[in-house]
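Listed below are the residues making up each chain.
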Amino acid sequence: MDPRRAGGRGVTTDRIITRNWGNPDVFHVDGYVANGGYAGLKKALAMAPEDVIELVKGSGLRGRGGAGFPTGVKWSFVPQDTGKPTYVVCNFDESEPGTFNNRELVDREPHQLLEGLAIAAYAVRCHNAYIYVRGEFLHQGTIVRRAVEEAYDRGFLGKGICGSDFDLDVVPHRGAGAYICGEETGLLNSLEGFRGQPRQRPPFPAVEGLYASPTVINNVETLCNVPHILENGADWFRGFGTAKSPGTKVFSVSGKVERPGNYEVPMGTPFRVLLEEHAGGVLGGKALKAWTPGGSSTPMLTAEHLDVGLDFESLQAAGSLLGTGAAIVLDETDCVVEAARRLLAFYAHESCGKCTPCREGTWWAVRVLSRIEEGLGRPEDLPIMNDLGRNILFRAFCPLADGAVSPITSTLTYFREEYEAHVREGRCPFTGSGPGRRIEEVAS
Amino acid sequence: MAVLSPELRGEAERIKARYPAGRERSAMLPLLYLVQSVEGRVTRDGLREVADVLGLKTAEVEAVASFYSMLRLRPTGAHVVSVCTNLACALRGAKEVYAAAHDAIGSHAEEMTEDGLLTLHEEECLGACDAAPVVQVDFANHDRVTPERMRELIEALRRGEVSEPSAGRAPRDFKEASWILAGLGDGA
């Protein structure tokens, strides 16, 4: 049996939103309620909406989708005097490479998400919420749809929720295959029936979001934390993690590890603990070469960074970002040039085409990285890559382009000699592919 | 000939009703999935009918449809086989899985086989990297796929069988997957 399912990892009991993962009963509404589910919603409904916002503000919960904006503060930005309806949209368009924590949260305990969504809606006085489910998540879309039906049947959604005078309708909406729709304004355009291209900000979605109305957009993991904060209080939540990054984070660990999977640890836990104690270490006992802390859009780190704490501040100080909390692990036999090439091919494919630096820059980067990997690199290719990175970063409309630069600059920073060896030898030192040759001078 | 039968026109109206009055354009993606569930792809006629349902120009609908990879505007096989080759899967052998799929499906794999049965799609991260390499057949996941398993999945499709996915129920084909994606029945 999977030790995670048995809940017997013996590593930590500091789990909040995955603590029921050993119990398959919580998948359905009855089992969820029997294990204390929807108690947070009931507690919220007995409070004034403003007090719910204050409580979540006080907990210090920050968005888990990548940006890390304080959730309660986001909710407090929603104006209540516009005469327009307010909307809450759950962003379940999980598609950052290496990230699969939202998927498993829904796979195992979908009502935890619905409860958090209902509390968020109550707090901002919203009566129409949407769950934007990634299109490729065919099965999870079905799970969400059925969980919503169960919640309606049991009076946790719909009219007069739990005997209160609060009404909420929730509509699941499926995407159709576009990474950029995970960006919140791209998501809103997609939900409105347009191409999923990002919007100019300001106005921010809190003021003019869905249908030009006040809108809160929260990630699945963020919303899953909310019921527990309502139930146990802000101080309890602050007992986990660090002062500036309170709570836990569900980290997705993949690539060259013994036990790929999702592991919930307190914010600030050193990567070494996640890798060695939870994920079982590097596959086959090999040496660690590189890892992404928060998906492919966050700069890679190396074995030198094993003791960096996994929280917003520590990772930023180490030159990377928490992102979505997704560690893709490369071992000593993996080629970072090939890794960067594959990731850039992803960004080139997913660039929505709106901004030239992103549309053309990612395409160009793939060409240069491909020829280096194939042993056809030129001495001037490394400066070209540096130049490309500089000319894409912060020069496009949305963060997709900045994410595309992360694999370029981080691999050039930490593994320059690997790039140089490719060009010098005229082949990939790991796969041996390429014509082979000898160039003495490689520009840097 | 109309893509949507009178009955499906009724379904289209119910899809529109999921969204607030005056905001029916939000039904764009589910309606495109609906026409795709009939024709196995989105044809010119399908675009025209979605435009008709939403009171838009066909070009406005096409501009949206062409943005999304799961809406197929070109000829598409009865089954779409998607192989993730993004980094986490690549580290676990996805290149070999993709090559096996390509060889097994044969020429024009990325377009459509001559018998109209299969389309191969090189996929980006499917958000299931704990089960790398991941393959989807009509958007149903198959975990930890080896080249050998990849060949078996394709052989099964050629025999008219749909293999049991790693989770959930397998759609019969790409058309049924599109029906589920429209937010309609999921067969259980």
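The residue numbers shown here count from 1 along each chain, following its written sequence. By the order in which they are written, chains take letters starting at A while ligands take numbers starting at 1. The predicted nature of this model means local features are confined to residues of pLDDT at least 70 and side-chain atom pairs, given and counted, to a pLDDT of 80 or more, with totals for whole chains, interfaces and linings taken over all residues. Hydrogen atoms and water are omitted, and side-chain values are computed over all heavy atoms in the structure.

**Q** For this particular structure, what's the right way to read the domain arrangement of chain A?
**A** All names here are of chain A. Domains are outlined according to an automatic or database domain assignment. According to the domain assignment, chain A consists of domain 1 (3–238), domain 2 (248–331) and domain 3 (336–443). Inter-centroid distance (C-alpha atoms) of domain 2 to domain 3 is 23 Å. Buried surface at the junction of domain 2 and domain 3, both sides included, amounts to about 990 Å², of which 66% is carbon and sulfur. Here the quantity called buried area is the accessible surface, traced with a 1.4 Å probe, that two parts lose on coming together, added over both. For the domain 2 face of the interface with domain 3, the top three residues by lost area are Lys289, Ser296 and Met300, together amounting to 55%. A pairing counts as a salt bridge when a side-chain nitrogen of Lys or Arg comes within 4 Å of a carboxyl oxygen of Asp or Glu. Our count for the domain 2 to domain 3 interface comes out at one salt bridge.

**Q** For this particular structure, what's the right way to read helix α6 (residues 94–105) of chain B?
**A** Counting along an α-helix, one turn takes 3.6 residues, and residues three or four places apart therefore face a common direction. Residues and elements named next belong to chain B. Helix and strand assignments follow DSSP, with helices taken as H or I runs no shorter than four residues and strands as E runs no shorter than two, numbered in order from the N terminus. An expected span of 1.5 Å times one less than the residue number is assigned to each helix. The first and last C-alpha atoms of α6 sit 16 Å apart over twelve residues, in line with the 16 Å expected at 1.5 Å per residue. Every buried residue of α6 is accounted for by Ala94, Val97, Tyr98, Ala100, Ala101 and Ile105. The buried side chains of α6 occupy one side of the element, clustering within an arc of 160 degrees when seen end-on. It only takes one pair of heavy atoms within 4.5 Å for two residues to be counted as in contact. In the core, the buried residues of α6 are packed alongside β1 (79–84), α5 (87–90), β2 (118–123), β3 (135–137) and α7 (147–158). The rule is simple: take the accessible area with a 1.4 Å probe, protein chains only, and divide by the maximum for that residue type; under 20% is buried, over 50% is exposed, in between is partly exposed. The arc in question is the one traced by the directions running from the helix axis out to the C-beta atoms.

**Q** Sorry if this is basic, but what is going on with the sheet that holds strand β8 (residues 301–302) of chain A here?
**A** Backbone hydrogen bonds are what pair the strands of a sheet, in a parallel or an antiparallel way. Residue and element names in this part refer to chain A. Here a strand pair is declared whenever DSSP counts at least two bridges between the two strands. Spatially, β6-β5-β9-β7-β8 is the arrangement adopted by the five strands of the open sheet, whose pairing is mixed. If you trace the sheet from one side to the other, it starts and ends with β6 (261–266) and β8, each paired once. In terms of strand pairing, strand β5 (residues 248–255) meets strand β9 (residues 326–331) through four bridges, oriented parallel. Pairing of Gly255 across the sheet is with Val329, part of β9.

**Q** Explain the interface of chain A and chain B to me, please; I cannot follow it from the model alone.
**A** The interface of chain A with chain B comprises 57 residues on the first partner and 47 residues on the second. Carbon and sulfur atoms supply 56% of the area that chain A and chain B bury against each other, a total of about 4200 Å² over both sides. Here chain A and chain B share three salt bridges between them. A salt bridge links Arg103 of chain A to Asp130 of chain B; the shortest N-O distance between them is 3.2 Å. Counted as a polar contact is a pair of N or O atoms within 3.5 Å, where, for protein atoms, one must be capable of donating a hydrogen and the other of accepting one, and residues adjacent in sequence contribute only when both atoms are in side chains. Where chain A meets chain B, there are 24 residue pairs in polar contact (both at pLDDT 80 or more).

**Q** Mind showing me how you'd approach the domain arrangement of chain B here?
**A** The parts lose accessible area when they come together, and the size of an interface is often stated as this lost area. For chain B, the assigned domains are domain 1 (6–72) and domain 2 (79–172). Computed from C-alpha atoms alone, the centre-to-centre distance between domain 1 of chain B and domain 2 of chain B is 28 Å.

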